[in-house]
2 protein chains.
Amino acid sequence: MRIASWNVNSIRARLEHLRTFLETASPDVLCMQETKVEDEKFPEEALGDAGYRVVFFGQKTYNGVAIAARYGLGIEDVKKNLDGDEDDAPRRLIAATIEGVRIINVYVPNGQAVGTKPFAYKLAWFERLGLDLAAHHRPDEPLLICGDFNVAPTNLDVHEPKRWEGQVLCHPDERAALGKLFAWGLVDALRDKHPDEKVYSWWDYRMGAYRKNHGLRIDLALVTPPLLARTKDVWVDRSVRELERPSDHAPVLIDLAESQA
Amino acid sequence: MRIASWNVNSIRARLEHLRTFLETASPDVLCMQETKVEDEKFPEEALGDAGYRVVFFGQKTYNGVAIAARYGLGIEDVKKNLDGDEDDAPRRLIAATIEGVRIINVYVPNGQAVGTKPFAYKLAWFERLGLDLAAHHRPDEPLLICGDFNVAPTNLDVHEPKRWEGQVLCHPDERAALGKLFAWGLVDALRDKHPDEKVYSWWDYRMGAYRKNHGLRIDLALVTPPLLARTKDVWVDRSVRELERPSDHAPVLIDLAESQA
DNA sequence: GAATAAACTG
DNA sequence: CAGTTTATTC
């Protein structure tokens, strides 16, 4: 089973790229972030035409997440947002069980700048994600949390660590928050498979960052040990980031071997 | 000599259509209205690449006019706006002499709604256009005033006259204002050549007006008698109105025989 | 309904 | 730099 995660930066602005990606990469499941569309206006039909059923949880202008799965795959136990989130909370999480794998698709708050209120909210959000995990899951389940984490786990995930040191996306507090997920039992699947590789998933639109490969790896696939055992490979597909008017993120993909169970 | 007039509704949004039109219709001169761009940002190079020299008089967001002429044709005695217009007046007129023909390119104020202040401004603008004509020109000169007049001269120029009766674009006061230009000596060239033909040049973006051919003829080519004598034909080219994301106006074209002088 | 600008976020 | 909304015009 191939699962992809992509911050599309507006699904409606990205419909053509989305079709291209589904066609070429052919994932069984695609987790999307920053769909930026309310549920009433979600382009369900376009996904349907491409051969995918989709569950979504979005809002106007900001945030919004969705999981698309190839027709034939069941999408079970859909969960939206974190425990305790009010109805008007930013829509940042959608989870579902597909082919026995629990898939939690997250768009972690960006945090704006270190020390700001949004930064505190980001850290709190990570904390609450951990509580959700502890409440509903165990590290011995086949579970994947993927999405835009808005944190580069280590300096290996940053094109120019000095310039980013202490900044948002690279701050020790954010890395510590991510670390708690690792402590619970999750593993950064791409880093596990490629311990030394410089791989990025996001490049700022400004300053020709993509052209110069000034990127960060902030889109992650975290897996529990049983799923890590099934992980054949994890990689970033830059092809859609090369197109005209791309998202600023490239998709991360993970290939899983069939379950032995 | 072939002269065209087209309300492009933003020259920057219409660059591709503009290239298509210049390529296919191949006018010697193109008068444009609603360029919606300040002179510093006018896409002079794109016109140059297409083989046209261009003079322009524009502003941010609204209005803006330009005359493009095939390389090799001189563009002389450029006049911008009406006598007495202040520097900050809406930029609605550019005139030039090309191959001995005085070409006055106008974007007449829309008038918003009958009885409003903009409507009074529109009527006053027509009046001042007449004064300009009287001050600088004579009906025995080869002179063309073309552009978006925002008036349908008669009910023959309106798809459904009853629905438009007394409305802006069709109001008796506007038609009377236009009538003063006819009284001075100008002739509506298309109507002269095609006395009974239902021809439109503008279709509202809304309500599928183009599809239903619910249009008005508000883009005109008015000529003096010596130029009428040289007029071979006048028509509206709807091909660019059929493209994706078109202007709401289609170009009007006039073919002139060579001067006998 | 399509264009533009301004203010906002990432 | 690219996306969004809102207000404005036609």
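Everything numeric here is computed off the predicted structure, so don't read it as measured data.

Section: the UniProt feature "binding site: Mg(2+)" (unreviewed entry) in chain A
Residues and elements named next belong to chain A.
Line of reasoning, step 1. With numbering aligned to this structure, UniProt lists the feature "binding site: Mg(2+)" (unreviewed entry) at Asn7, Glu34, Asp148, Asn150, Asp248 and His249. Taken along the chain, the residues just named run across 243 residues; in space they keep tight, none of their C-alpha pairs more than 12.7 Å apart.
Line of reasoning, step 2. Residue classification places Asp148 among the buried positions, given a relative accessible area of 1%.
Line of reasoning, step 3. Leave out the neighbours within four places in its chain, and Asp148 touches Asn7, Gln33, Val106, Tyr107, Val108, Ile218, Asp219 and His249.
Line of reasoning, step 4. The topology assignment puts His249 in the loop between strand S13 (231-236) and strand S14 (252-256).
Line of reasoning, step 5. Classification of His249 as buried rests on a relative accessible area of 3%.
Line of reasoning, step 6. When residues no more than four places from it in sequence are discounted, the contact partners of His249 are Trp6, Asn7, Asp148, Ser201, Trp202, Ile218, Asp219 and Arg241.

Comments concerning the protein's contact with DNA strand D
Line of reasoning, step 1. If you check the shell around DNA strand D, you find 13 residues, and the closest are A:Ser10, A:Arg14, A:Thr61, A:Arg245 and B:Gln112.
Line of reasoning, step 2. In this structure, A:Arg14 approaches DNA strand D through a side-chain N or O atom, which is 2.8 Å from a phosphate oxygen.
Line of reasoning, step 3. For DNA strand D, a sugar or linking oxygen lies 3.5 Å from a polar atom in the backbone of A:Tyr205.

Examining the sheet that holds S13(A)
Residues and elements named next belong to chain A.
Line of reasoning, step 1. Ordered in space as S3-S4-S2-S1-S14-S13, the 6 strands form an open sheet in which the pairing is mixed. The open sheet has two free edges, formed respectively by strand S3 (52-57) and S13, since each of these has just one partner strand. Strand-to-strand twist of the sheet, defined as the mean angle between neighbouring strand axes without regard to direction, takes the value 15°.
Line of reasoning, step 2. Here strand S2 (residues 29-33) runs beside strand S4 (residues 65-70); their pairing, made up of 5 bridges, is antiparallel. Within S4, the residue paired with Leu30 across the bridge is Ala68.
Line of reasoning, step 3. Strands in contact with helix H1 (residues 15-25) are strand S1 (2-7), S2, S3 and S14; relative to S1, the strand with the most contacts, it is inclined by about 160°.

Quick notes on the UniProt feature "site: Important for catalytic activity" (unreviewed entry) in chain A
Residue and element names in this part refer to chain A.
Line of reasoning, step 1. The UniProt record annotates "site: Important for catalytic activity" (unreviewed entry) at Asp219.
Line of reasoning, step 2. Residues in contact with Asp219, not counting those within four places in the same chain, are Asn7, Gln33, Gly147, Asp148, Ser201, Trp202, His249 and Val252.
Line of reasoning, step 3. Here the side chain of Asp219 touches Ser201 through a polar contact of 2.6 Å, side chain to side chain.

Observations concerning the sheet that holds strand S8 (residues 143-148) of chain B
Residues and elements named next belong to chain B.
Line of reasoning, step 1. Read across the sheet, 6 strands follow the order S5-S6-S7-S8-S12-S9 without closing on themselves; strand pairing throughout is mixed. Each edge of the open sheet carries a strand with a single partner, namely strand S5 (76-80) and strand S9 (187-188).
Line of reasoning, step 2. Pairing geometry for strand S6 (residues 93-98) and strand S7 (residues 101-107), over 6 bridges, is antiparallel. Residue Ile98 lies in a different strand from S7, and its bridge partner there is Val101.

Quick notes on a negative patch on the surface
Residue and element names in this part refer to chain A.
Line of reasoning, step 1. Side chains of Glu76, Asp77, Glu99 and Glu258 sit close together on the surface and give a patch of like negative charge.
Line of reasoning, step 2. Along the chain, the position of Glu99 falls in the loop between strand S6 (93-98) and strand S7 (101-107).
Line of reasoning, step 3. For Glu99, a relative accessible area of 49% translates into the label partly exposed.

Here we look at the environment of B:Tyr52
All names here are of chain B.
Line of reasoning, step 1. For Tyr52, the position within the fold is in strand S3 (residues 52-57).
Line of reasoning, step 2. A relative accessible area of 3% places Tyr52 in the buried class.
Line of reasoning, step 3. Sequence separation of Tyr52 and Glu99 is 47 residues, and the distance between their C-alpha atoms is 15 Å.
Line of reasoning, step 4. Not counting residues up to four positions away in its chain, the partners in contact with Tyr52 are Leu22, Ser26, Pro27, Asp28, Leu47, Ala68, Ala69, Arg70 and Tyr71.
Line of reasoning, step 5. Of note is the side chain of Tyr52, whose polar atom sits 2.6 Å from the backbone oxygen of Pro27.

Some remarks on the side chain of A:Asp28
All names here are of chain A.
Line of reasoning, step 1. Relative to the elements of secondary structure, Asp28 occurs in the loop between H1 and S2.
Line of reasoning, step 2. Reaching out from Asp28, the side chain makes a polar contact with the backbone nitrogen of Arg2 at a distance of 2.7 Å.
Line of reasoning, step 3. Asp28 has contacts with Met1, Arg2, Tyr52, Ala68, Ala69, Arg70 and Leu73, leaving out every residue within four places of it along the chain.

A word on the protein's contact with DNA strand C
Residues and elements named next belong to chain B.
Line of reasoning, step 1. Not every one of the 14 residues close to DNA strand C is listed here, only the nearest: Ser10, Arg14, Thr61, Tyr205 and Arg245.
Line of reasoning, step 2. Considering DNA strand C, the proportion of its atoms within 4 Å of the protein that are sugar or phosphate atoms stands at 67%.
Line of reasoning, step 3. Interatomic distance of 2.9 Å between a side-chain N/O atom of Ser10 and a phosphate oxygen of DNA strand C.

Conventions we followed
- Residues numbered from 1 in each chain as written.
- Chains lettered and ligands numbered in written order.
- Predicted model: local features only at pLDDT ≥ 70, side-chain atom pairs only at ≥ 80, totals over all residues.
- Heavy atoms only, no water.
- UniProt positions renumbered as here; feature names shortened; annotations may be inferred.
- Buried < 20%, exposed > 50% of the residue type's maximum accessible area, 1.4 Å probe, protein only.
- Contact = heavy atoms within 4.5 Å.
- Helix = DSSP H or I, 4+ residues; strand = E, 2+ residues; numbered from the N terminus.
- Near = heavy atom within 4 Å.
- Polar contact = N/O pair within 3.5 Å; in protein donor to acceptor, adjacent residues only side chain to side chain.
- Pairing = 2+ DSSP bridges.
- Axes fitted to C-alpha atoms, helices over the stretch in contact; angles between N-to-C directions.
- Patch = residues over 30% accessible without salt bridge, like charges linked within 9 Å, V, L, I, M, F, W, Y side chains within 5 Å.
- Areas by Shrake-Rupley, 256 points an atom, 1.4 Å probe, with all protein chains shown as cover.
- Salt bridge = Lys/Arg side-chain N within 4 Å of Asp/Glu carboxyl O.
- Lys, Arg positive; Asp, Glu negative; His and termini not counted.
- Charge placed at Lys NZ, Arg CZ, Asp CG, Glu CD.

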